[in-house]
Number of protein chains: 2
Amino acid sequence: MNEKQKIYKPKPISGFPEWLPEERVAEQRWFDHIRKTFESYGFCSIETPSVEEIDVLLAKGEVDKEIYVLERLHKDEDSDKESRLALHFDQTVPFARYTAQHFNDLVFPFKRYQMQRVWRGERPQTGRYREFYQCDIDVINVDNLPITYDAEIASMIYDTLEGLDIGRVQLRISNRKILMGLLQTYGIYSQERITEYIRLIDKLEKIGKDEILIGLKLNLKLDNLDECFADSFIDLASIKSSPKDFSRLLHDFIARNDVIARSNSDAAIQTLNEGIDELASVLDALSHLPEGAVVADLSIVRGLDYYTGTVYETQLLDIPEYEGSVCSGGRYDDLAGQYINKHLPGVGISIGFSRLFGVIKEHRPELLVIGPKSPTDILVYTEDKNEAKLANDTARSLRELGNNVEVYHTVKKWDKHFKYAKNKMIKTICYPQDETNAKFKNVETGEENVQALTEWKK
Amino acid sequence: MNEKQKIYKPKPISGFPEWLPEERVAEQRWFDHIRKTFESYGFCSIETPSVEEIDVLLAKGEVDKEIYVLERLHKDEDSDKESRLALHFDQTVPFARYTAQHFNDLVFPFKRYQMQRVWRGERPQTGRYREFYQCDIDVINVDNLPITYDAEIASMIYDTLEGLDIGRVQLRISNRKILMGLLQTYGIYSQERITEYIRLIDKLEKIGKDEILIGLKLNLKLDNLDECFADSFIDLASIKSSPKDFSRLLHDFIARNDVIARSNSDAAIQTLNEGIDELASVLDALSHLPEGAVVADLSIVRGLDYYTGTVYETQLLDIPEYEGSVCSGGRYDDLAGQYINKHLPGVGISIGFSRLFGVIKEHRPELLVIGPKSPTDILVYTEDKNEAKLANDTARSLRELGNNVEVYHTVKKWDKHFKYAKNKMIKTICYPQDETNAKFKNVETGEENVQALTEWKK
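Treat the numbers as computed from the prediction; the structure is a model and nothing was measured.

Once that is clear, we can look at the interface of chain A and chain B. Every contact between the two is made by 108 residues of chain A and, on the other side, 108 residues of chain B. In total, chain A and chain B occlude about 9700 Å² of area from one another, counting both sides; carbon and sulfur atoms represent 52% of this. Where chain A touches chain B, the interface holds 14 salt bridges. With a closest N to O distance of 2.8 Å, Arg-35 of chain B and Asp-32 of chain A form a salt bridge. Applying the counting criterion to the chain A and chain B interface returns 53 residue pairs in polar contact (both at pLDDT 80 or more).

All names here are of chain B. As for its position among the elements, Gly-303 is in the loop between strand E9 (294-297) and strand E10 (307-316). Along the primary structure Gly-303 and Arg-120 are separated by 183 residues, whereas in three dimensions their C-alpha atoms are 18 Å apart. With near-sequence residues (within four places) excluded, Gly-303 lies in contact with Arg-176, Arg-199 and Asp-202.

After a rotation of 180 degrees and a shift along the axis of 0.0 Å, chain A superposes on chain B with an RMSD of 0.0 Å. Taken together, the rotation and translation describe the operation of a two-fold axis. Distance from the rotation axis, computed per C-alpha, reaches its smallest value in chain A at Leu-70 of chain A: 2.5 Å.

A word on unusual backbone geometry. Residues and elements named next belong to chain A. Omega for the bond connecting Phe-108 with Pro-109 falls within 30 degrees of zero, at -5 degrees, which places this linkage in the cis form. Along the chain, the position of Pro-109 falls in the loop between helix H3 (92-101) and strand E5 (110-119). Even without being glycine, Arg-302 reaches a positive phi, approximately 60 degrees. In this fold, Arg-302 is placed in the loop between strand E9 (294-297) and strand E10 (307-316). Classification of Arg-302 by relative accessible area gives partly exposed; the value is 21%.

Glancing now at the sheet that holds strand E14 (residues 405-407) of chain B. Sheet strands associate in pairs through backbone hydrogen bonding, adopting either a parallel or an antiparallel arrangement. Residue and element names in this part refer to chain B. With mixed pairing, five strands are arranged side by side in an open sheet as E14-E13-E15-E16-E17. Edge positions in the sheet fall to E14 and strand E17 (448-452), since each has one partner strand and no second. Within the sheet, the average angular offset between the axes of one strand and its neighbour, ignoring direction, is 30 degrees. As defined by bridge partners, strand E13 (residues 378-380) adjoins E14 across three bridges and the pair is classed as parallel. Each residue of the ladder has a partner; that of Val-380, found in E14, is Val-407. Together, E13, E14, strand E15 (428-432) and strand E16 (437-442) form the strand contacts of helix H14 (residues 388-400), whose direction differs from that of E14 by roughly 175 degrees. Packed on one face of the sheet, helix H15 (residues 415-424) meets E13, E14, E15 and E16 and runs near 150 degrees to E15.

On to empty space enclosed by the protein. Residues and elements named next belong to chain B. Under the counting rule described, the total for this entry stands at seven cavities of 30 Å³ or more. Here the largest cavity is characterised by a volume of approximately 150 Å³. Contributing to the lining of the largest cavity are 13 residues, with Pro-17, Trp-19, Glu-27, Arg-117 and Tyr-133 lying nearest its centre. By residue number, the principal contributor to the lining of the largest cavity is strand E6 (residues 131-140), which donates three residues.

What counts, and at which threshold
- Residues numbered from 1 in each chain as written.
- Chains lettered and ligands numbered in written order.
- Predicted model: local features only at pLDDT ≥ 70, side-chain atom pairs only at ≥ 80, totals over all residues.
- Heavy atoms only, no water.
- Contact = heavy atoms within 4.5 Å.
- Buried area = accessible area lost by both parts, 1.4 Å probe.
- Salt bridge = Lys/Arg side-chain N within 4 Å of Asp/Glu carboxyl O.
- Polar contact = N/O pair within 3.5 Å; in protein donor to acceptor, adjacent residues only side chain to side chain.
- Helix = DSSP H or I, 4+ residues; strand = E, 2+ residues; numbered from the N terminus.
- Least-squares fit on C-alpha atoms with pLDDT ≥ 70 in both.
- Buried < 20%, exposed > 50% of the residue type's maximum accessible area, 1.4 Å probe, protein only.
- Pairing = 2+ DSSP bridges.
- Axes fitted to C-alpha atoms, helices over the stretch in contact; angles between N-to-C directions.
- 1 Å grid on protein atoms, 1.4 Å probe; cavity = no way out; pocket = protein on both sides within 12 Å on 5 of 7 lines; lining within 4 Å.
- Points joined across faces, edges and corners; volume = space filled by probe spheres on them.

Any link to function would need more than the numbers given here.
Here it is, written out as structure tokens:
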């Protein structure tokens, strides 16, 4: 080491999380489980580049996420000729672009999962990252996609989250057509106006009834409608029930709503009924899940104007430290209309992986079983320098039997390698005797056994 | 779909590769194999953020890689206060920074692998990407690290590449101390001057002997030395042999070199001998590998001034389309001196994953066994809409038995789901009969069998 070298002491970068090896072991266990679950439903993996052209990211118009643009440190004359690139802020836009670009090479219905990092240049807050993993699943088809997929996606998400062993999972499901039908009976048809009401209802749980009522009344006034309709939105959004009661509660709501009763818009009533039927069929197809795992919750509408039917949120009932929905999504009509002249309806959902992992790590580390600092099963050690070859051969034999094996190459006083095994939580130390036998020591109990290598079991 | 929507037709971004689902399946198989091999040697995974502070990236001085800097699309007053971030261009700098930052939380010797994307804003050429995966392994220790690790790293790399089934793998190994010892007997001690000679020898294979001789002679003149020494460098670098012949060839070289014979610099001779001994011990510890898998090759010196002992390159003997070394690395004295006042010697190697995958995909697609477009084992289908529940239940039961199962939810004329299975190369279609039995059809042969779900085997 050059002692005169100037030292630049690095510090963590706010919003860019980084884990220690033992935490990474837990993170890998999560990723492996999620991938396995997604694949058990036959979803295939895709990865897109970390960047898209800015024109692709903004093809639908301005986005409200903070985008990171790439600039070369040393620009040259070519830099300006190239299209500007930016890091993707979600996986939906890249997925839509991917589908459009490779349309002819894909088999539809196209079911994909995607587990990549995304970037948002937002001000970092607790639990909000600037770089984080998302785990997305979507299924899309050309022209139409059966409603059965909406239940399948919900079922996948339940299996996925339930298998993480972080307590009870509750899927909260609704269908936007119900609120849209109601709005239409009031005479509100414009997509832009509908979006206004949806955004307000979406904030109900966060902001509270009183504030939202004020907002709703203001908008009704704008639409030249009776302010008292505002109560009916709150009335609808207050329906939260088990799958078996939802239908009754919704029909009660309809029965007490004068406007619906008097409505002569067949289209509005049809939208409303479609929403109810679709939601009923999704809930019905989830009847195999345990009681309490699924609720109908009419306050769920999701803020994005993108969704057109089923909408999901997910709550971890035993992790109050996680605010909001851990996994959200829904049904949409048109995945990639901005990139290709094809009608591609779909349904999808996204797990905010890093935020979830970060919250559990901070507040419930016991749920991550953080411990071993490596995947090593066995540490091979020999005190005699001349036995280095025997140590390596033994390690190789144990590896061939499917074990993860380290050799401790430094021959030092006896307790050094033992301390190393203890620190890394390696459970077994192997002292080779000859090519086929060794003494195996249990690091925790101290128990020792001379065994054939082939006899050793985890 | 809004027919009036303006369509922005996306196109591939030069240098940012993206694979189709069936190619991704092959890529995942590679990643899984590499990870499994690394873990079988007890190496742990780490991931660092995609970015580092520019000051961290440039802590050792200017780098010759093109760096991508991040800029927020919409800057605000805070933007200037924050440190500038850039995408990492390799995994060595982030690993060094990680080790320094988390020094007190790590157990040494610290063995880590890292499989992430890196970015270089270079002009894209055939097989050169701007975004690509690298797979790196390193082991570092405080103050000293036994030479046995140099062989272990080589052994890991052999196991890793050999398991990819892309033909014969040849590790070409040398030790820089041999060349450095020779330079020192000529009186060249300055690190800067040594680096000049190393860089020239490193280009020998690429540029050819004549050009390199000119360069060497120029440098010898600069150092006020006899130009005829240039031949001795070429003489040394021409030693390429099996592990068993290397020692004899090297001693022959020494015997015919007058300067070494006359040298009265003990330090120079010691460096030379250390290099020979270390190389001999590494080659010896690799004697379990098949003949031809390892060669001593004194032309391997690596261009970076970072390496101090063992150096590796790797050639795929059956893939001439891959130019150069698929996997290179070596021994270094000081991993993180620019970030922490600790002496951290180590040895490591890096696989240029994406470039290798790209070359094989282009020139030897048959080696990737590209086929299935998803992980699905079984497609469940029922013609009767009323049997949707049965289809879902059957799929769930098959999933619980460890299979990857899709339900084909669209009830259409008979051949539609069959075509879907054929297109995706799904091998089996399952037609549920009741809760526990189904007809299984082999898509390739057309063979059908009614079986209990529990009896079905891949």
